[in-house]
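An overview of the molecular structure
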Amino acid sequence: MVARNGRVLFSTVIALLIAGPPFLTSYWVGLLTQMMIFAILAMSLDILLGYTGLPSLGHAGVFGVAAYTVAVLSTAQHFGFWTCVIGGLLLGTLLSAAFGLLVSHVRDVYFLMITLALGLVLWGVSYRWIPVTGGDNGVSGIPRLEAHAGLPVSGPIPFYYVTLCVFVVCAALMGLVVSSPFGLTLKGIRENESRMKSLGVNTWLHCYLSYVTAGVFASVSGVAWAYYNGFVSPTYLDLTASSELFLMVTLGGPGTLVGPVVGAAAIVLLKNVISAYTQRWLLILGSVYIVTILAAPDGLWNLGVFAHAFGHHREE
Amino acid sequence: MTYLITQTLNGLFSAALLFLLASGLTLVFGVMRIVNIAHGSFYMLGVYIASTIVGRTKSLWLGALVAFILVASVGLLVQRLFLRQFASRPLAQMMMTMGAALLFRDAAFLIWGGDPFTLAYPSALGGSVAAGDVVFPAYRLFVILVAGIVAAALWAIDAGTLVGAKLRAAVDDSEMAGAMGIDVGRLSGLVFAVGAGLAAFGGVMSGPIVGGYPGMDFDLLPLAFVVVIIGGMGSLKGALVGSVVVGMIDNFGKALVPELSYFTLFAPMVIVLALKPTGLYGRA
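These numbers were taken from a predicted model, which means no experiment stands behind them.

Here the focus is the overall build of chain A. Tallying secondary structure elements over chain A gives 15 helices and 2 strands in all. Radius of gyration (C-alpha) of chain A: 19 Å, near the 20 Å computed for a compact globule of 316 residues. Overall, chain A is about 50 × 45 × 40 Å in size when its C-alpha atoms are taken along their principal axes. Within chain A, counting contacts between residues at least 6 apart in sequence, those at least 24 apart form 77% of the total.

Written out as structure tokens, the structure is:
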């Protein structure tokens, strides 16, 4: 009964996402697109944070590197669509493969601190490597996805549907990852690493692969964001961005894939709607952090109410 | 040669500011295992509070004193109200400090506005010191000296007093220290408050040169974290060595390859992490 409620809810949401946009204004279509892009990013962070128990505070860095790659390749170098997409994915992935070597042996707060520093170094490079990244001004003039890919249609709605496809594919792939034996091992490491070790699991390798997997999906999100926004700047990979991402996952519910989607949607919505009415966005965001930790430290999706209503609960 | 000496002195000046920031950060981390993102906010609050005091009284010293006391009290409040109840939950604490950092940033903007400013030099230190060909601003030399004194004082407290002994015990193993009858909760409050105060003091010291501007709270924070990682989390000696290393590298990096100035920090961090993951003087 409870599980069926969940299925009905999901089918409804998917049906609305497919059928809804033609009836919405372009503002809301854009907002939904943003939500899905950040949902991919938040889910990718959750593979690390919620499933493996590795709190990365530099995840926006990977996202940013992929976005910058698309930006630089498509504007300064005038490369074609697929070169830009593959270039962004590849560089983001290679970067996480390299960073993963530096962080996969540390845990807990040390992981937090070192990923924080690595993320900030990336931010610093984007900020100071002016000949390539344009410094504070960022890179603008990224072509529209529809035009760049040579699609016969253009506008926010086609872009929305492209993002929806990417989102569904990524969510499905991440769902496969976390429910595979590999994903179960990650959860095992989260719960008790020494026990997993004594069972013969190479925990270093699993943490490394988890880091790289998260990096791949973060790169997907970064590429999509570059095309959506048409502009990248250092603010997308600074500490505030990384911790906002952290908030999306924590607010939504770490250790579930639905949670980060809820969290990403909530934060994107808050950010866009509230900044239209007030200058005090930081004050509100800061309060959201504090209230989240005080009131829903396991996230909205893991609150009793939701769990009972929809039959989903963080698997212990 | 002149260039080299001047740049070295500039590097030491950065190191002095970094040490004032990183010493608190590393001790807070050592005792409480908190990644304190609000630490940069204390640095920022310091210079903003001092701007009000210096504006009224023209005295940088009074500004530094008031900033130290006020910000240390703010630090104590943050620790008591928001952090103590989340002891041994590092993620919750990190999120709390992040929330606090955003609140402080907006509060500073509301109170002091968004215009950048610098503090007035103290009248005695406005000139420069010349030794042979090398001419160097007296104030920068003075800040290096002050940071040296602070480092010596912290070292003396750490190595020679009962509080220091308790502190070292708590950094090594806070649970065991608690079992030995050391009031780790009170010690944490003290360390957090003094760390916040030192950051504010560092902010005031940088005031005549760097000044205050929106966003300064997250500007020096990356460097301070790199210092703590290189030096070893929880180690004062590490913070000192790390500050000098990072201050020098950052300064020479900015002078020689300005485009990659942050990237030059990356190399030493990677080398240290690869060879000794706990940092130069940190313990696992």
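From this point, the discussion proceeds with the structure in view.
A tally of helices and strands in chain B yields 11 helices and 2 strands. Across chain B, helices and strands are ordered from the amino to the carboxyl terminus as α-α-α-α-β-β-α-α-α-α-α-α-α. Since a compact globule built from 284 residues should have a radius of gyration of about 19 Å, the 18 Å found for chain B is in line with a globular shape. Overall, chain B is about 60 × 45 × 35 Å in size when its C-alpha atoms are taken along their principal axes. With 284 residues in all, chain B has 53% of them scored as buried.

This next bit is on the environment of Gly63 of chain B. Residue and element names in this part refer to chain B. If you trace the backbone, Gly63 turns up in helix H3 (residues 60-83). Looking at Gly63, the number of C-beta atoms within 10 Å reads 26, which means it is buried. Taking the C-alpha atoms as reference, Gly63 lies 7.4 Å from Ser51; in sequence the two are 12 residues apart. Filtering out sequence-adjacent residues up to four positions away, Gly63 remains in contact with Ala50, Ile53, Val54 and Val204.

With that out of the way, let us pick up unusual backbone geometry. At Asp108 of chain A, a residue that is not glycine, the phi angle is positive and equals roughly 50°. A count of 13 C-beta atoms within 10 Å places Asp108 of chain A in the partly exposed class. Positive phi outside glycine occurs at Lys58 of chain B, with the angle close to 65°. Relative to the helices and strands, Lys58 of chain B is located in the loop between helix H2 (39-57) and H3.

Below, the discussion takes up the confidence of the model for chain A. Looking at chain A as a whole, its pLDDT mean stands at 87, while 95% of the residues score no less than 70. The low-confidence segment residues 309-316 of chain A, where pLDDT is below 50, has 18 contacts with residues more than four positions distant or belonging to other chains.

Glancing now at the interface of chain A and chain B. The interface is formed by 34 residues belonging to chain A together with 34 residues belonging to chain B. Those elements giving two or more residues to the side of chain A that touches chain B turn out to be helix H5 (108-128), helix H6 (130-133), helix H12 (239-252) and helix H14 (281-295) of chain A. When residues in the side of chain A that touches chain B are grouped by element, the largest group, 12 residues, is from H5 of chain A.

Most often, soluble globular proteins keep nonpolar side chains buried together rather than apart. By size, the foremost hydrophobic cluster in this structure holds 197 residues, and its most contacted members are Ala39, Ala42, Ala67 and Ala117 of chain A together with Ala200 and Ala224 of chain B. Among all residues touching Ala117 of chain A, those that are not within four sequence positions of it are Pro222, Phe225, Val226, Ile229 and Met269 of chain B.

Residues and elements named next belong to chain B. Its place among the elements puts Phe29 in helix H1 (residues 2-32). You can call Phe29 buried: it has 27 C-beta atoms within 10 Å. Taking the C-alpha atoms as reference points, Phe29 and Tyr139, separated by 110 residues in sequence, lie 31 Å from one another. Not counting residues up to four positions away in its chain, the partners in contact with Phe29 are Ile34, Val35, Val228, Met233 and Gly234.

Another point: helix H11 (residues 263-275) of chain B. Because an α-helix completes one turn every 3.6 residues, residues spaced three or four positions apart along the sequence face the same direction. All names here are of chain B. Between the first and last C-alpha of H11 there are 19 Å, a value that for 13 residues agrees with the 18 Å anticipated at 1.5 Å per step. All buried positions along H11 are accounted for by Leu265, Phe266, Met269, Val272 and Leu273. In a view along the axis of H11, the buried residues occupy a sector of 140°, so they form one face of it. Of the residues in H11, the exposed ones pointing more than 90 degrees away from the buried face are Ile271, Ala274 and Leu275.

Residues and elements named next belong to chain A. Put simply, helix H4 (residues 81-103) and H5 touch, their axes get as near as 10 Å, and they point 145° apart. Handedness of the H4/H5 crossing: right-handed. Residue-level inspection shows Phe99, Leu102 and Val103 of H4 in contact with H5, the latter providing Phe111, Ile114, Thr115 and Leu118. Considered class by class, the residues forming the contact of H4 with H5 number 6 nonpolar, 1 polar and no charged.

Within a regular beta strand, the side chains point alternately toward one face of the sheet and then the other, so they alternate between its two faces. All names here are of chain B. In the sheet, strand S1 (residues 128-131) pairs with strand S2 (residues 134-137) via 4 bridges, with the strands oriented antiparallel. Looking at the pairing, Val129 lines up with Phe136 of S2. Counted along the chain from S1 to the antiparallel partner S2, the turn is 2 residues long, and its residue Gly132 has a positive phi close to 65°.

What follows is about the packing of H2 of chain B against helix H8 (residues 184-206) of chain B. The relative placement of two packed helices is expressed as an angle between their axes plus a distance between the axes. All names here are of chain B. Following both chains from N to C, one finds H2 and H8 inclined at 50°, their axes separated by 7 Å at the closest point. Considering the angle they form, H2 stands oblique to H8. Note on packing geometry: the crossing formed by H2 with H8 is right-handed. In this structure, H2 uses His39, Phe42, Tyr43, Met44, Leu45, Gly46, Val47 and Ala50 to contact H8, whose residues at the interface are Ala196, Ala199, Ala200, Phe201, Gly202, Gly203, Val204 and Ser206. Residues that form the contact of H2 with H8 fall into these classes: 11 nonpolar, 5 polar and no charged.

Let's shift gears to the confidence of the model for chain B. Summary statistics for chain B give a mean pLDDT of 88 and a share of 100% for residues scoring 70 or more. Across the assembled chains, the prediction reports ipTM 0.83 with pTM 0.87.

Calculation notes
Residues numbered from 1 in each chain as written. Chains lettered and ligands numbered in written order. Predicted model: local features only at pLDDT ≥ 70, side-chain atom pairs only at ≥ 80, totals over all residues. Helix = DSSP H or I, 4+ residues; strand = E, 2+ residues; numbered from the N terminus. Rg over C-alpha atoms; globule rule 2.2 N^0.38 Å. Contact = placed C-beta atoms within 7 Å. Buried ≥ 20, exposed ≤ 12 C-beta atoms within 10 Å, placed from the backbone. pLDDT = per-residue confidence, 0-100. Core = buried A, V, L, I, M, F, W, Y, C linked by C-beta atoms within 7 Å. Expected span 1.5 Å × (residues − 1). Arc of directions from axis to C-beta. Axes fitted to C-alpha atoms, helices over the stretch in contact; angles between N-to-C directions. Left-handed = near helix turned anticlockwise from the far one by under 90°. Nonpolar A, V, L, I, M, F, W, Y, C, P; charged D, E, K, R; others polar. Pairing = 2+ DSSP bridges. Parallel < 35°, antiparallel > 145°, perpendicular 65-115°, else oblique.

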